[in-house]
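Geometric and topological summary
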Amino acid sequence: MTRAIEADYLVVGAGAAGMAFTDALIQHADVRVALVDRRHAVGGHWLGAYPFVRLHQASAFYGVASSVLGGEIQQEGPEQGLYERASQPEICDYYERVLDAMLTSGKVTFYGSSEHADGAVVSHLSGERLGVPPECRVVDATYLAPTIPAETPPPFGVDRDARVVPVNDLVRLDSAPSRYVIAGSGKTATDAIVWLLTNGVDPDAICWVRPRDPWMFDRAVVQPDPAVFLGMAADVMESAARAASLDDLFLRLEDAGVMIRIDRAVTPTMAKTPTLATWELELLRSVENVVRRGHLDSVSRGTLTFADGSVAVADDAVVVHCAADGLRQPPLVPVWRPEAITLQPIRAGFPCFGAALVGYVEATRRDDDVKNRLCPPSPYGNSRVDWARMTVLGTRASQSFTAEPDIKAWSNEVALNPARIPPGHPGSAALDLALERLGASTGQGLARLAALASP
């Protein structure tokens, strides 16, 4: 090693979490940060995302605290009245602009096409190894990095005569097959189907291999409007307080307009709960050829094979791989440990806010035990039990960090925080009612959710 990096922090991973942490840290502390990523640029998995993807939530909830990704209300189209959602090119451009501002500050150095290994930062291009000083604090922003189809082989066998493509390659097809087979249950699969249908593909030309049916949030209730978002939170707690079981809870949330499902004749077991708009729901319901036989084992020309048998499809069918794990679920660990700061969601379901919060707390507190008390991690949802546990841990974490006056004030100024009431907000009768309902139901609702999430 010819030289060492000059930094107080080494942030490994320049995706959404690493960028949000770094931004909040340098805004509130006079420190130097080395930002490292295996990719050539910042933006993480967005650099390899399929080109027609958009954020499933409002743009305001994504990005970094110092620069709002987008906060306009859509004035036309199927989501008129809802807040805008950024596209993949817009997100990548946004992160380039954020990096430019970080570099201009003189506090950040970016090492692209590099990795952190054995106490050094190693360039994939030149092979140069830069030493990491022992006093430099390592921040792991890759612990929950998502997996995407473009970078992950299909989780099923593929015969040589089968036509299987990652979802990214849909835009590159040069001829239309007689059948599309969409393999996956999550957001990538629903995005692929919506994109095909809006581009003129007949619903009858789509076969959807859906191993699990998903519960999803109605996008209209997850908006950067405190009366709307806190009203939804009150619906969750009131429904939980009355729920006799997890099935009952989600049915109550559906009746309250919070959750939606594609097929009302099927009780979903999957609860990663992305948001979905009603226009998308109507399109998805138009696909009637749904295969519910668990996960695909293998694909060959004209045949889909499952553990309990096979399904025939057209010989020229294109099988679209949408079955990467996406959100990962490793064990929760304390955010602050001697070996690393490990970024994880804090408030349930909003990873950019969680990473920014950790950056702010790191900049303003000294004791790691205090920091861990203020920012206990929460998991992502997967099953309904996972979702209940996520909601419990995320709510408890919110109660913890908002008990600190400075953190509460900071979080109310940050658009990434979905529950914020911005300074100078005029208030409304709807907001007053939402706060009243939430205050009255949180105690009992949280206790019931904890019981439902117990083994």
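Going by the structure above, here's the rest.
Cut-offs applied
- Residues numbered from 1 in each chain as written.
- Predicted model: local features only at pLDDT ≥ 70, side-chain atom pairs only at ≥ 80, totals over all residues.
- Heavy atoms only, no water.
- Phe/Tyr/Trp six-rings, centres within 6.5 Å; stacked < 30°, edge-to-face > 60°.
- Buried < 20%, exposed > 50% of the residue type's maximum accessible area, 1.4 Å probe, protein only.
- Lys NZ or Arg CZ within 6 Å of the ring centre and 35° of its normal.
- Helix = DSSP H or I, 4+ residues; strand = E, 2+ residues; numbered from the N terminus.
- Polar contact = N/O pair within 3.5 Å; in protein donor to acceptor, adjacent residues only side chain to side chain.
- Contact = heavy atoms within 4.5 Å.
- Patch = residues over 30% accessible without salt bridge, like charges linked within 9 Å, V, L, I, M, F, W, Y side chains within 5 Å.
- Areas by Shrake-Rupley, 256 points an atom, 1.4 Å probe, with all protein chains shown as cover.
- Salt bridge = Lys/Arg side-chain N within 4 Å of Asp/Glu carboxyl O.
- Lys, Arg positive; Asp, Glu negative; His and termini not counted.
- Charge placed at Lys NZ, Arg CZ, Asp CG, Glu CD.
- Core = buried A, V, L, I, M, F, W, Y, C linked by side-chain atoms within 4.5 Å.
- Pairing = 2+ DSSP bridges.
- Disulfide = S-S within 2.5 Å.
- Axes fitted to C-alpha atoms, helices over the stretch in contact; angles between N-to-C directions.
- Parallel < 35°, antiparallel > 145°, perpendicular 65-115°, else oblique.
- Nonpolar A, V, L, I, M, F, W, Y, C, P; charged D, E, K, R; others polar.
- Right-handed = clockwise from strand over helix to strand, strands pointing away.
- Left-handed = near helix turned anticlockwise from the far one by under 90°.

1. Comments concerning the packing of aromatic side chains
Here the structure, examined in full by the defined rule, presents 13 aromatic pairs. Judged by centre distance (4.9 Å) and plane angle (50°), the rings of tyrosine 50 and phenylalanine 52 are tilted. Tyrosine 50 sits in the buried class, given a relative accessible area of 7%. Looking at phenylalanine 52, the relative accessible area reads 16%, which means it is buried. An aromatic cluster of three or more residues is present, and its members are Trp215, Phe217, Phe250 and Trp387. The ring centre of tryptophan 208 lies 4.3 Å from the NZ or CZ of arginine 210, which sits over that ring.

2. Considerations on the side chain of arginine 85
In this fold, arginine 85 is placed in the loop between strand S5 (67-68) and helix H2 (88-105). Within the structure, the side chain of arginine 85 is placed 2.6 Å from the backbone oxygen of leucine 55, a separation counted as a polar contact. Excluding anything up to four places from it in sequence, arginine 85 contacts Arg54, Leu55, His56, Gln57, Ala58, Ser59, Gln74, Glu79, Glu90, Arg219 and Glu280.

3. Looking at the environment of glutamate 84
Mapping glutamate 84 onto the fold places it in the loop between S5 and H2. The spacing of glutamate 84 and alanine 450 is 366 residues in sequence and 34 Å in space, taken between C-alpha atoms. Discounting chain neighbours no more than four positions away, the residues touching glutamate 84 are Ala58, Ser59, Gly70, Gly71, Glu72 and Gln74. At a separation of 2.8 Å, a polar atom in the side chain of glutamate 84 contacts the main-chain amide nitrogen of glutamate 72.

4. Some points on a negative patch on the surface
On the surface, Asp159, Asp161, Asp315 and Asp316 cluster together to form a negatively charged patch. Relative to the helices and strands, aspartate 159 is located in the loop between strand S11 (157-158) and strand S12 (164-166).

5. Re the nonpolar core
Judged by nonpolar contacts, the single largest core of 120 residues is most densely connected at Met19, Tyr95, Ile182, Leu249 and Trp387. No other element matches the nine residues that helix H4 (residues 226-242) contributes to this core. Excluding its chain neighbours within four sequence positions, the residues that come into contact with methionine 19 are Ala14, Leu35, Val42, Val64, Tyr95, Val98, Leu99 and Met102.

6. Remarks on the pairing of strand S8 (residues 120-123)
Every second residue of S8 is oriented toward a common face, with Ala120 and Val122 on one face and Val121 and Ser123 on the other, all of them buried. Taken together, strand S7 (residues 114-117) and the strand that follows it, S8, pair antiparallel across an intervening segment of two residues, in which aspartate 118 is found at a positive phi of about 55°. In terms of strand pairing, S8 meets strand S9 (residues 129-131) through three bridges, oriented antiparallel. Looking at the pairing, valine 122 lines up with arginine 129 of S9.

7. A word on the pattern of salt bridges
Counted according to the given criterion, the structure contains 26 salt bridges. For arginine 219, the salt bridge is made with glutamate 79, and the minimal N-O distance between the two is 2.7 Å. Separated by 140 residues along the polypeptide, arginine 219 in the loop between strand S15 (215-218) and H4 and glutamate 79 in the loop between S5 and H2 bring together distant segments of the chain. Accessibility assignment for this pair places arginine 219 and glutamate 79 in one class, buried. With a shortest N-O distance of 2.5 Å, lysine 187 and aspartate 191 are connected by a salt bridge.

8. A word on the state of the cysteines
Counted according to the given criterion, the structure contains zero disulfides. Just so you know, cysteine 207 is unpaired, no disulfide at all, and the nearest cysteine sulfur is the one on cysteine 322, 12 Å from it.

9. A closer look at the sheet that holds strand S17 (residues 275-276)
By definition, the strands of a sheet pair up through backbone hydrogen bonds, in either a parallel or an antiparallel sense. With mixed pairing, the three strands of this open sheet are ordered in space as S16-S15-S17. The sheet is open, and its two borders are formed by strand S16 (259-261) and S17, each paired with just one other strand. Taken together, the three bridges between S15 and S16 define a ladder with antiparallel strand orientation. Paired with phenylalanine 217 across the two strands is methionine 259, which belongs to S16.

10. Considering the sheet that holds S9
Strand order in the open sheet made by the four strands is S1-S9-S8-S7, with mixed pairing throughout. Since the sheet does not close on itself, it has two edges, and those belong to strand S1 (3-4) and S7, each with one partner. Alignment of S7 against S8, held across four bridges, turns out to be antiparallel. Paired with glutamate 115 across the two strands is valine 122, which belongs to S8.

11. Description of the packing of helix H3 (residues 187-198) against helix H6 (residues 278-285)
Between H3 and H6, whose axes approach to 10 Å, the crossing angle comes to 80°. Taken together, the axes of H3 and H6 lie roughly perpendicular to each other. Two secondary-structure elements touch here, H3 through Thr190, Ile193, Val194, Leu197 and Thr198 and H6 through Trp279, Glu280, Leu283 and Leu284. Residues belonging to the contact of H3 with H6 are distributed by class as follows: six nonpolar, two polar and one charged.

12. Brief notes about the environment of threonine 269
Summarising the element assignment, threonine 269 is placed in the loop between S16 and S17. Sequence separation between threonine 269 and asparagine 382 is 113 residues; the distance between their C-alpha atoms is 8.6 Å. For threonine 269, the residues in contact, after removing those within four places along its chain, are Arg212, Asp213, Asn382, Ser383 and Arg384.

13. A look at the pairing of strand S3 (residues 33-36)
Side-chain alternation along S3 places Val33 and Leu35 on one buried face and Ala34 and Val36 on a second face that is also buried. Of the crossover connections in this fold, the one passing from strand S2 (residues 9-12) over helix H1 (residues 16-28) to the parallel S3 is right-handed. Looking at chain direction, S3 and strand S6 (residues 108-111) are connected through four bridges and run parallel. Across the sheet, the residue bridging to valine 33 is valine 108, located in S6.

14. Section: the packing of helix H9 (residues 384-401) against helix H11 (residues 429-453)
Where H9 meets H11, the axes come as close as 8 Å, and the angle between the chain directions of the two elements is 140°. Judged by the inter-axis angle, H9 sits oblique to H11. The element H9 and its partner H11 pack so that their crossing is left-handed. Two secondary-structure elements touch here, H9 through Val385, Trp387, Ala388, Arg389, Thr391, Val392, Thr395, Arg396 and Gln399 and H11 through Thr442, Leu446, Leu449, Ala450, Leu452 and Ala453. Class assignment of the residues belonging to the contact of H9 with H11 gives a composition of nine nonpolar, four polar and two charged.

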